[in-house]
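# Structural description and commentary
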Amino acid sequence: MKVLLFSSLYPSAARPIHGIFVETRLRELLKTGEVQAKVVAPVPWFPFKATRFGEYALFAATPYVEQRNGVEVHHPRYLLLPKVGMHLAPYAMALGALPAIRRLQRQGFDFDLIDAHYYYPDGVAAALLAKWLGRPFVVTARGTDLNLIPQYPFPRRLILQAAEQASASIGVCQALMDTLGDLGADRTKLNTLRNGVDLERFEPEDRSEARQRLGLPVQGHYLLSVGHLIERKGHHIAIEALPYLPGVTLLIAGAGPDEGTLKNLARRLGVAERVRWAGVVSQAELKWWYSAADALTLCSSREGWANVLLEAMACGTPVVATDIWGTPEVVSTPAAGVLMARRDAQALAAAWGRLHSQLPVREATRAHAEVFSWDATTQGQLQLFKKVVDAWACKRCVFRGDTT
């Protein structure tokens, strides 16, 4: 079976951890040997690579074609206009990607299925491409695409049209599929395939060794916060909790536009000396940060299925997280960690106390993560994709009048 993965959420040489969870799911699927795949990951057009342009410069620096982990990845450009971008993005994305996809077909990659990720604009663009190219498609919802964007009437209408046209929709947590059903999508076409965790990449390392490797004092308590430095990820809440957590050092792994604001907050609260800024940490190095910490905190306001939770647990580190969307499906036992009663600093401090009053052993936390291996998700994908491709072939036979 030949699969074309279509999503703007995919890593590149310029942005190596952007959409890493989409790449990971594809890599696990390819391990079965039953699928061939190529990736079309559109990137907004921008003319300048100078670093002063920040995130936009990374768009310009993205290669048009590259090989990642043995997979051919194409990054066609599309025009993303300010202010009107939300409404026009699906159409611009589809039109920008169409020549690259048709070129792949001419080169012999006549794919059976489009596997799209993120419902808006990517899933809506995939619906246009599927219609133009005469192929079935499925869309995986991942979080804000369904718990935020449908607040806007025009995108909501396009999302529902795409869900109706799609052969199937996939959610990385049940909460997302419930939301799509509540919006009006056909519930018989909704499927939940949770992200797994790479149990070989993320495994417990000796805590003292991990701290020494990272240049941290071996003694002491460490709370880790991982993610893009934006308000939604809640790093500011972790900083605001430090006055209530004497003796705790906060480790922050990530980069983003709010870095200066967060550092100013730490200085204003008098806790700057208790915050360690790790910057962007590669997937290969993250296990050392997870292993060094006593707990991971995730204070997000919105999450579909946060991979960092399972990554930490796979390293034997329990979590403290906000009680939102798919998170309760991950933090579902005492061995996994605790959920915060509210999204604020005092609630985080209280949850830290609850966690340490009955701290799970690292082996139990790791065992909880092992339940979420990729095997079930990969087999679910294979079965769903085969069903979609077979149904599409059958429909084409009926349309042609071929009953054999």
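First things first, this report covers the structure right here in the doc. (Residues numbered from 1 in each chain as written. Predicted model: local features only at pLDDT ≥ 70, side-chain atom pairs only at ≥ 80, totals over all residues. Heavy atoms only, no water.)

## Observations concerning helix α4 (residues 119-133)
Burial analysis of α4 places twelve of its 15 residues in the buried class, the great majority of the element. Every buried residue belonging to α4 is among Tyr119, Tyr120, Pro121, Asp122, Gly123, Val124, Ala125, Ala126, Ala127, Leu129, Ala130 and Leu133, and all of these are buried. (Buried < 20%, exposed > 50% of the residue type's maximum accessible area, 1.4 Å probe, protein only. Helix = DSSP H or I, 4+ residues; strand = E, 2+ residues; numbered from the N terminus.)

## A look at the nonpolar core
Counting residues in each nonpolar core, the largest one holds 89 residues, and the members touching the most others are Tyr290 and Leu309. Broken down by element, this core gets its largest block of residues, nine residues, from α4. Residue contacts for Tyr290: discarding those within four places in its chain leaves Phe202, Leu224, Val226, Leu296, Val308, Glu311, Ala312, Cys315 and Thr317. With 28 residues, the next largest nonpolar core counts Val271, Val275, Ala347 and Trp352 among its residues. (Core = buried A, V, L, I, M, F, W, Y, C linked by side-chain atoms within 4.5 Å. Contact = heavy atoms within 4.5 Å.)

## Quick notes on helix α1 (residues 20-30)
Of all eleven residues making up α1, eight are buried, and the element is well covered by its neighbours. Burial in α1 covers these residues: Ile20, Val22, Glu23, Thr24, Arg25, Leu26, Glu28 and Leu29.

## Some details on the packing of α4 against helix α6 (residues 153-165)
Axis separation between α4 and α6 bottoms out at 9 Å; the angle between their running directions is 45°. Classified by the angle their axes make, α4 and α6 are oblique. In terms of crossing hand, the pair formed by α4 and α6 is left-handed. The residues of α6 that touch α4, namely those facing Tyr119, Tyr120, Gly123, Val124, Ala127, Ala130 and Lys131, are Pro155, Leu158, Ile159, Ala162, Ala163 and Gln165. Grouping the amino acids of the contact of α4 with α6 by side-chain chemistry returns ten nonpolar, two polar and one charged. (Axes fitted to C-alpha atoms, helices over the stretch in contact; angles between N-to-C directions. Parallel < 35°, antiparallel > 145°, perpendicular 65-115°, else oblique. Left-handed = near helix turned anticlockwise from the far one by under 90°. Nonpolar A, V, L, I, M, F, W, Y, C, P; charged D, E, K, R; others polar.)

## Points about the state of the cysteines
Summed over the entire model, instances satisfying the criterion amount to zero disulfides. Not part of a disulfide, Cys299 finds its nearest cysteine sulfur in Cys173, a span of 19 Å. Just so you know, Cys315 is unpaired, no disulfide at all, and the nearest cysteine sulfur is the one on Cys299, 19 Å from it. The exposure class of Cys315 is buried, given its relative accessible area of 0%. (Disulfide = S-S within 2.5 Å.)

## Some thoughts on a nonpolar patch on the surface
Taken together, the side chains of Trp45, Leu79, Leu81, Leu88 and Tyr91 make up a nonpolar region of the molecular surface, amounting to roughly 490 Å² of accessible area. By secondary structure assignment, the location of Trp45 is in the loop between β3 (43-44) and α2 (55-61). Classification of Trp45 by relative accessible area gives partly exposed; the value is 47%. (Patch = residues over 30% accessible without salt bridge, like charges linked within 9 Å, V, L, I, M, F, W, Y side chains within 5 Å. Areas by Shrake-Rupley, 256 points an atom, 1.4 Å probe, with all protein chains shown as cover. Salt bridge = Lys/Arg side-chain N within 4 Å of Asp/Glu carboxyl O.)

## Focus on the sheet that holds strand β9 (residues 168-171)
Taken in spatial order, the eight strands of this open sheet run β4-β5-β2-β1-β7-β8-β9-β10, and their pairing is mixed. Each edge of the open sheet is held by one strand with a lone partner, namely β4 (65-68) and β10 (190-192). Geometrically, the sheet is characterised by an average inter-axis angle of 25° between neighbouring strands, direction not taken into account. Here helix α7 (residues 174-183) sits on the sheet and contacts β8 (137-141), β9 and β10; the angle it forms with β10, its principal contact strand, is near 165°. (Pairing = 2+ DSSP bridges.)

## So, the side chain of Glu66
Its location among the elements puts Glu66 in strand β4. No salt bridge is formed by the buried Glu66. Its closest oppositely charged neighbour is Arg68, at 4.9 Å. Here the side chain of Glu66 touches Ala13 through a polar contact of 3.2 Å, landing on its backbone nitrogen. Among the polar contacts made by the side chain of Glu66, one reaches the side chain of His75 at a distance of 2.7 Å. With near-sequence residues (within four places) excluded, Glu66 lies in contact with Pro11, Ser12, Ala13, Val71, Glu72, Val73 and His75. (Lys, Arg positive; Asp, Glu negative; His and termini not counted. Polar contact = N/O pair within 3.5 Å; in protein donor to acceptor, adjacent residues only side chain to side chain.)

## Concerning unusual backbone geometry
Note that the residue after Tyr120, namely Pro121, is joined by a cis bond; omega there is 10°. Note that Pro121 resides in helix α4. With a phi angle near 50°, Asn69 is a residue other than glycine that sits in the positive phi range. Along the chain, Asn69 falls in the loop between β4 and β5 (71-74).

## Here's the deal with the packing of aromatic side chains
This structure, assessed with the given rule, holds seven aromatic pairs. Taking the centre distance of 6.4 Å and the plane angle of 35° together, the rings of Phe109 and Phe111 count as tilted. Given a relative accessible area of 1%, Phe111 falls into the buried group. Through a chain of ring-to-ring contacts, the aromatic side chains of Phe46, Phe48, Phe53, Tyr56 and Phe59 assemble into a single cluster. Over the aromatic face of Phe109 sits the side chain of Lys38, whose NZ or CZ is 5.5 Å from the ring centroid. Cation over ring: Arg77 sits above Tyr64, and NZ or CZ is 4.1 Å from the ring centre. (Phe/Tyr/Trp six-rings, centres within 6.5 Å; stacked < 30°, edge-to-face > 60°. Lys NZ or Arg CZ within 6 Å of the ring centre and 35° of its normal.)

## Things to note about the sheet that holds strand β14 (residues 295-298)
Across the sheet, six strands lie side by side as β13-β12-β11-β14-β15-β16; this open sheet has parallel pairing. At either margin of the open sheet sits one strand with a lone partner, and together these are β13 (275-279) and β16 (337-340). Strand after strand, the sheet turns through a mean of 20° between neighbouring axes, direction not considered. Alignment of β14 against strand β15 (residues 319-322), held across three bridges, turns out to be parallel. Bridge pairing links Leu298 to Ala321 in β15.

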